[in-house]
Structures are given as structure tokens and as C-alpha cells.
Amino acid sequence: MGFNSTAKNLVVYFSMPETTEPKNMSREEELSTVVIDGEVLGNTQYVAYIIAENTGADIFRIEPVTPYPPDHSELEDIAQKEQSENFRPKIAGTVENIGHYDTIFFGFPNWYYDMPMIMYSFLDQYDLAGKTVVPFVTSGGSGFSDAISTIKDMEPDADVVTDGLSISRNVIQDSESDIIEWLTEKGFIQ
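The shown structure was predicted, so the numbers you read here are calculated from the model rather than taken from an experiment. (Residues numbered from 1 in each chain as written. Predicted model: local features only at pLDDT ≥ 70, side-chain atom pairs only at ≥ 80, totals over all residues. Heavy atoms only, no water.)

Q: Teacher, can you tell me more about the overall build of the protein chain here?
A: Scanning the protein chain for helices and strands turns up 6 helices and 10 strands. Burial statistics for the protein chain: of 190 residues in total, 50% are counted as buried. Look at the contacts in the protein chain between residues 6 or more apart in sequence, and 77% of them connect residues 24 or more apart. (Helix = DSSP H or I, 4+ residues; strand = E, 2+ residues; numbered from the N terminus. Buried < 20%, exposed > 50% of the residue type's maximum accessible area, 1.4 Å probe, protein only. Contact = heavy atoms within 4.5 Å.)

As C-alpha cells, this is what we get:
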């Protein structure tokens, strides 16, 4: 991952493409992925790429030290167990110069009406005081649920954008112009 030392924006995201094989995908895999030029991207990953491309942001993918299983039902079990135990998965890699950034685009899929617990790990690990935090979410229809108020509680000294970008998994494939329009309206693209 190359850092553009002049970028003042950082896209931090977690995405779980459940397969890298675009053929013979299960229904769950199709719902959580986008195939662009034969490459399988997780929904949130796709949105993160569009945001980074259009804002000149650096990008950091949150990945767990212990990888999640690609199997959908196993992943669901783990996600629900982490949530019920308020577990914080360890993150592989670090954002070395978080202080350098003014704006953090913070993206995740909605898992069981909440952020994946690894997003909590990130918020525990990094102090985003004084930064603008711009949440974005992909979901099957539940949008942010209570995630924005959770982010505000965990980062009380950050300026958290309360009307973040929410995209339904049903329209991800055709969402690029909507994402760009939203970024423009919010003043992130000049």
C-alpha cells in the first residue's frame, strides 16, 4: 500500500469478499460482492475504492490477524459470537501516521445491526480527536443502525458526520455516480 504523503484524507475500511472466484458464487456471495473487470471486490471495498479514487485519499484495509472464514454461515456464527462477547479482534498492520490525516472515511458492512467488532478494535486503537470522521456503510437495508452514535461515543472529540453514506447491497454495482454525487455535495470533491 503506497502512501501519498500529501493526502490529508484516509479511507479506512473493512470488507469481507467471501470469494475471489467470480463464477459459481452462492447467493450470499453475490450479495456481498461486486465483480469489476473480472475481479471480485467486497461491497464495502468497492465503495472505499470509489471514495479514495475521487478524493485522492490514502487507503487502509482493516484485516484481522486471524482471518475470517470465507464460508458464509461460519462467518455469521463468528460475527454473532464476537458481538455477544463484545470481542475485539486484533488488526493486522497499522496506520503509521494517523495524525497526518484530517478526514477519515470509515467504512464497513452492517453486521447484525452494528459495525463488525473489528471496527471497534480500530476505534479503540486510534485516537481520532480533532478529525472529521465520515462513516459509510453497505447493508441489506438496515443502513447504519446505531453505528453513528456508537462512533460518536467512542470518538467524542472527533467531528463525526451524522449523515454518512449508506448504500444498499442491491445497488452497489451501479452506485459509482451516487457516491461521487454524495462526496461532491459534502464538499469532499472540489
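That was the structure; now back to the text.
Q: Please explain a negative patch on the surface as it appears in this structure.
A: Together, Asp71, Glu74, Glu76 and Asp77 line one region of the surface with negative charge. Among the residues examined, Glu76 registers a relative accessible area of 31% and is labelled partly exposed. (Patch = residues over 30% accessible without salt bridge, like charges linked within 9 Å, V, L, I, M, F, W, Y side chains within 5 Å. Areas by Shrake-Rupley, 256 points an atom, 1.4 Å probe, with all protein chains shown as cover. Salt bridge = Lys/Arg side-chain N within 4 Å of Asp/Glu carboxyl O. Lys, Arg positive; Asp, Glu negative; His and termini not counted. Charge placed at Lys NZ, Arg CZ, Asp CG, Glu CD.)

Q: Is there a simple way to explain the nonpolar core in this structure?
A: Among soluble globular proteins, nonpolar side chains are generally buried collectively. Within the largest apolar cluster, 34 residues are counted, with the highest numbers of intra-cluster contacts made by Ile62, Phe106, Phe108, Met115 and Phe122. The element contributing the most residues to this core is helix 4 (residues 117-125), with 6 residues. Among the nonpolar cores identified, the runner-up in size contains 22 residues, and Leu41, Tyr46, Ile172 and Ile189 belong to it. (Core = buried A, V, L, I, M, F, W, Y, C linked by side-chain atoms within 4.5 Å.)

Q: When you look at helix 6 (residues 176-185) in this model, what are you seeing that I'm missing?
A: In an α-helix there are 3.6 residues to a turn, and that puts residues three or four apart on one side. Every buried residue of helix 6 is accounted for by Ile179, Trp182 and Leu183. One side of helix 6 holds all its buried residues, which, seen down the axis, span an arc of 100°. Just past helix 6, the residue Gly187 takes up positive phi, approximately 85°. (Arc of directions from axis to C-beta.)

Q: Would you explain the packing of helix 4 against helix 5 (residues 147-154) in this entry?
A: Put simply, helix 4 and helix 5 touch, their axes get as near as 10 Å, and they point 25° apart. One way to sum up the angle between helix 4 and helix 5 is to call them roughly parallel. Read as a crossing pair, helix 4 and helix 5 show a hand that is right-handed. Here Tyr120, Leu123 and Asp124 of helix 4 come into contact with helix 5, specifically with Thr150, Ile151 and Met154. (Axes fitted to C-alpha atoms, helices over the stretch in contact; angles between N-to-C directions. Parallel < 35°, antiparallel > 145°, perpendicular 65-115°, else oblique. Left-handed = near helix turned anticlockwise from the far one by under 90°.)

Q: Whenever I open this one, unusual backbone geometry confuses me. Can you help?
A: A negative phi angle characterises most non-glycine residues, just as the trans form characterises most peptide bonds. Look at Tyr112: it is not a glycine, yet its phi comes out positive at around 55°. With respect to the helices and strands, the residue Tyr112 is situated in the loop between strand 7 (103-109) and helix 4. Of note, the phi angle at Tyr113 is positive, near 60°, even though the residue is not glycine. Mapped onto the elements of the fold, Tyr113 is located in the loop between strand 7 and helix 4. Among the residues examined, Tyr113 registers a relative accessible area of 61% and is labelled exposed.

Q: Help me understand the environment of Tyr112 in this model?
A: Note on Tyr112: relative accessible area 30%, which makes it partly exposed. Discounting residues that sit within four places of it in the chain, Tyr112 has contacts with Glu76, Ala79, Gln80 and Gln83.

Q: I would appreciate a short explanation of the packing of aromatic side chains in the present structure.
A: Enumeration according to the criterion identifies 11 aromatic pairs in this entry. Measuring from ring centre to ring centre gives 6.5 Å for Tyr13 and Tyr49, while their planes differ by 85°; the resulting arrangement is edge-to-face. With Tyr13 in strand 1 (residues 9-13) and Tyr49 in helix 2 (residues 43-55), this residue pair connects regions lying 36 residues apart in the sequence. With 5.9 Å between their ring centres and 45° between their planes, Phe106 and Phe122 make a pair best called tilted. Taken together, the residues Phe106 in strand 7 and Phe122 in helix 4 connect sequence positions 16 residues apart. Comparing Phe106 with Phe122 shows no difference in burial state: the two are buried. A connected cluster of aromatic rings, assembled from ring pairs, spans Phe60, Phe106, Phe108, Phe122, Tyr126 and Phe144. (Phe/Tyr/Trp six-rings, centres within 6.5 Å; stacked < 30°, edge-to-face > 60°.)

Q: Is there a simple way to think about the side chain of Ser121 in this case?
A: With respect to the helices and strands, Ser121 occurs in helix 4. The class of Ser121 is buried, set by a relative accessible area of 7%. Sequence-distant contacts of Ser121, defined by excluding residues within four places in its chain, comprise Arg88, Pro89 and Ile91.

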